[in-house]
Amino acid sequence: MSELNKIAIQILSSGKGILAADESNGTMTKRLEAVSVKSSPENRLAFRETLFSSESMKDCIGGVILYDETINQITSSGKSIPEVIAKTGAIPGIKVDTGAKELANSTEEKITEGLDGLRERLKKYYALGARFTKWRGVYSISDKFPSKLAIHSNAHALARYSTLVQECNMVPIVEPEVLMDGSHTADICFSKTSDVIKKCFEELILHKVDLSGIILKPNMILSGSQSKEKISSEEISLKTLKCLKNSVPSEVPGIAFLSGGQSEIEATENLNSINKNNNTNFIMTYSYGRALQQSALKIWSNNIKDIDATQNTFNHRAKMCTLAAQGKWSSELENK
Ligand code: 5MM
């Protein structure tokens, strides 16, 4: 077992998942302003420190993805954020892409940037305590999209990013996110997501990435958010499993889904169905941002001094997701 494989397994095993707290300042500002809190470095730190010191970190969270600002922040107790996270047993990680920009020659689509100077930035993050990283490619669905150009260029970037990360002894999370926006059916999502993931692995293999030392972070197979089609959690899980079974090489140790705009309960229920029906050898868990933090952020914004109330809300969500990662969740547990 390689060192990278060990790290990946440590992050994902025993029902643990990943807390995606890597919102860039732009996204975090939108989230904070939506609950009428000023987006200052102090407030961003206060919310995140509250989550990272919660009791559920120990049993539920295997890794936390940070943003550049956060990994460099020092808490009120004088500890760095990676130290606070490592003390709970979770592994600190870092988002290393610099965002999705307009794709030249297909300007309605996006290409994720951040390869320039990446090798040097990775060394700095390793020294700060990061042992895994994240890079997100984004793809939209329409009649024409994602184009071959977007599929190819994002896969190429994900592969080049992964080689540099492994060279620096960290585990790359490979996140190709096919967005939920649109009125497409789940079958269209299935076919476009399959194309995207297959191309990613074609490039990862070409670039000689050690597949046993990565984590895949894909979307689930869902109907578009404006679609009239409504499919059950059971159907979502079967389509998602079929897509991943057909597109992901067996060496990959685990898959950690993004929530992508699903409600907290939808993301939990769907992950639970996926695990109940899991007929693959992949660990199937969560790497949620909104589906772990939304309710906690609302409670925190009511009174940022009431740390217990925020932590209780976050603990509940983390516990529900961890049960779902083992196929042991049920809706009755939400009200206990
Ligand atoms: C936490 O949100 C991340 C967004 O970062 P940007 O601010 O750079 O857009 C995002 O990559 C996130 O890690 C994944 O999309 C998963 O989050 P959700 O909310 O979809 O579970």
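Overview of the structure.

## Examining the pattern of salt bridges
Argument step 1. Counting across every chain of the model gives 16 salt bridges.
Argument step 2. Measuring nitrogen to oxygen at the nearest pair gives 2.6 Å for the salt bridge that ties Glu 167 to Arg 119. Here Glu 167 is found in helix α8 (residues 148-167), whereas its partner Arg 119 is found in helix α7 (residues 118-127), with 48 residues between them in sequence.
Argument step 3. For Glu 167, a relative accessible area of 49% puts it in the partly exposed group.
Argument step 4. In this structure Arg 119 comes out as partly exposed when scored by relative accessible area, which is 40%.
Argument step 5. Connected through salt bridges with shared partners, the residues Asp 22, Lys 95, Lys 134, Arg 136, Glu 175 and Glu 177 form a single ionic network.

## Digging into the site of the ligand
Argument step 1. In the vicinity of the ligand lie 18 residues, with Ser 24, Thr 27, Lys 134, Ser 259 and Gly 260 positioned nearest.
Argument step 2. The separation between an oxygen atom of the ligand and a polar side-chain atom of Arg 136 is 3.4 Å.
Argument step 3. In the model, an oxygen atom of the ligand is placed 3.2 Å from a nitrogen or oxygen of the Glu 175 side chain.
Argument step 4. Protein chains shield 90% of the accessible area of the ligand, which is 500 Å² for the free molecule.
Argument step 5. Going through the elements one at a time, β6 (132-139), β7 (171-178) and β10 (283-288) are the ones with two or more residues in the shell around the ligand.

## Observations regarding the environment of Met 284
Argument step 1. In this structure, Met 284 sits in strand β10.
Argument step 2. Spatially, the C-alpha atoms of Met 284 and Gly 15 are 8.6 Å apart, while their sequence positions differ by 269 residues.
Argument step 3. Contact partners of Met 284, with chain neighbours within four places excluded, come to Leu 241, Leu 244, Ile 255, Phe 257, Leu 271, Ile 274, Asn 275, Asn 278 and Ala 325.

## Comments concerning the sheet that holds strand β3 (residues 91-95)
Argument step 1. Pairing within the closed barrel is parallel, and its 8 strands lie in the order β1-β2-β3-β6-β7-β8-β9-β10.
Argument step 2. Across 2 bridges, the pairing between β7 and strand β8 (residues 215-216) is parallel. For Ile 173, the partnering residue across the bridge sits in β8 and is Ile 215.
Argument step 3. Strands β1 (17-20), β2 (61-66) and β10 of the sheet are contacted by helix α13 (residues 307-324), whose axis makes an angle of about 155° with β10.

## What about the packing of aromatic side chains?
Argument step 1. One pass over the structure, following the stated rule, counts 3 aromatic pairs.
Argument step 2. Look at Phe 47 and Trp 300: their rings are 5.1 Å apart centre to centre, the planes differ by 55°, and that puts the pair in the tilted class. Taken together, the residues Phe 47 in helix α3 (residues 41-52) and Trp 300 in helix α12 (residues 290-302) connect sequence positions 253 residues apart. Neither Phe 47 nor Trp 300 differs from the other in exposure class; each is buried.
Argument step 3. Between the aromatic rings of Tyr 286 and Tyr 288, the centroid separation amounts to 5.6 Å while the plane-to-plane angle is 40°, which identifies the pairing as tilted.
Argument step 4. The ring of Tyr 126 carries the charged tip of Arg 131 above its face, separated from the ring centre by 3.6 Å.

The rules behind these values
- Residues numbered from 1 in each chain as written.
- Predicted model: local features only at pLDDT ≥ 70, side-chain atom pairs only at ≥ 80, totals over all residues.
- Heavy atoms only, no water.
- Salt bridge = Lys/Arg side-chain N within 4 Å of Asp/Glu carboxyl O.
- Helix = DSSP H or I, 4+ residues; strand = E, 2+ residues; numbered from the N terminus.
- Buried < 20%, exposed > 50% of the residue type's maximum accessible area, 1.4 Å probe, protein only.
- Near = heavy atom within 4 Å.
- Polar contact = N/O pair within 3.5 Å; in protein donor to acceptor, adjacent residues only side chain to side chain.
- Areas by Shrake-Rupley, 256 points an atom, 1.4 Å probe, with all protein chains shown as cover.
- Contact = heavy atoms within 4.5 Å.
- Pairing = 2+ DSSP bridges.
- Axes fitted to C-alpha atoms, helices over the stretch in contact; angles between N-to-C directions.
- Phe/Tyr/Trp six-rings, centres within 6.5 Å; stacked < 30°, edge-to-face > 60°.
- Lys NZ or Arg CZ within 6 Å of the ring centre and 35° of its normal.

This is a description of form; function is not addressed.
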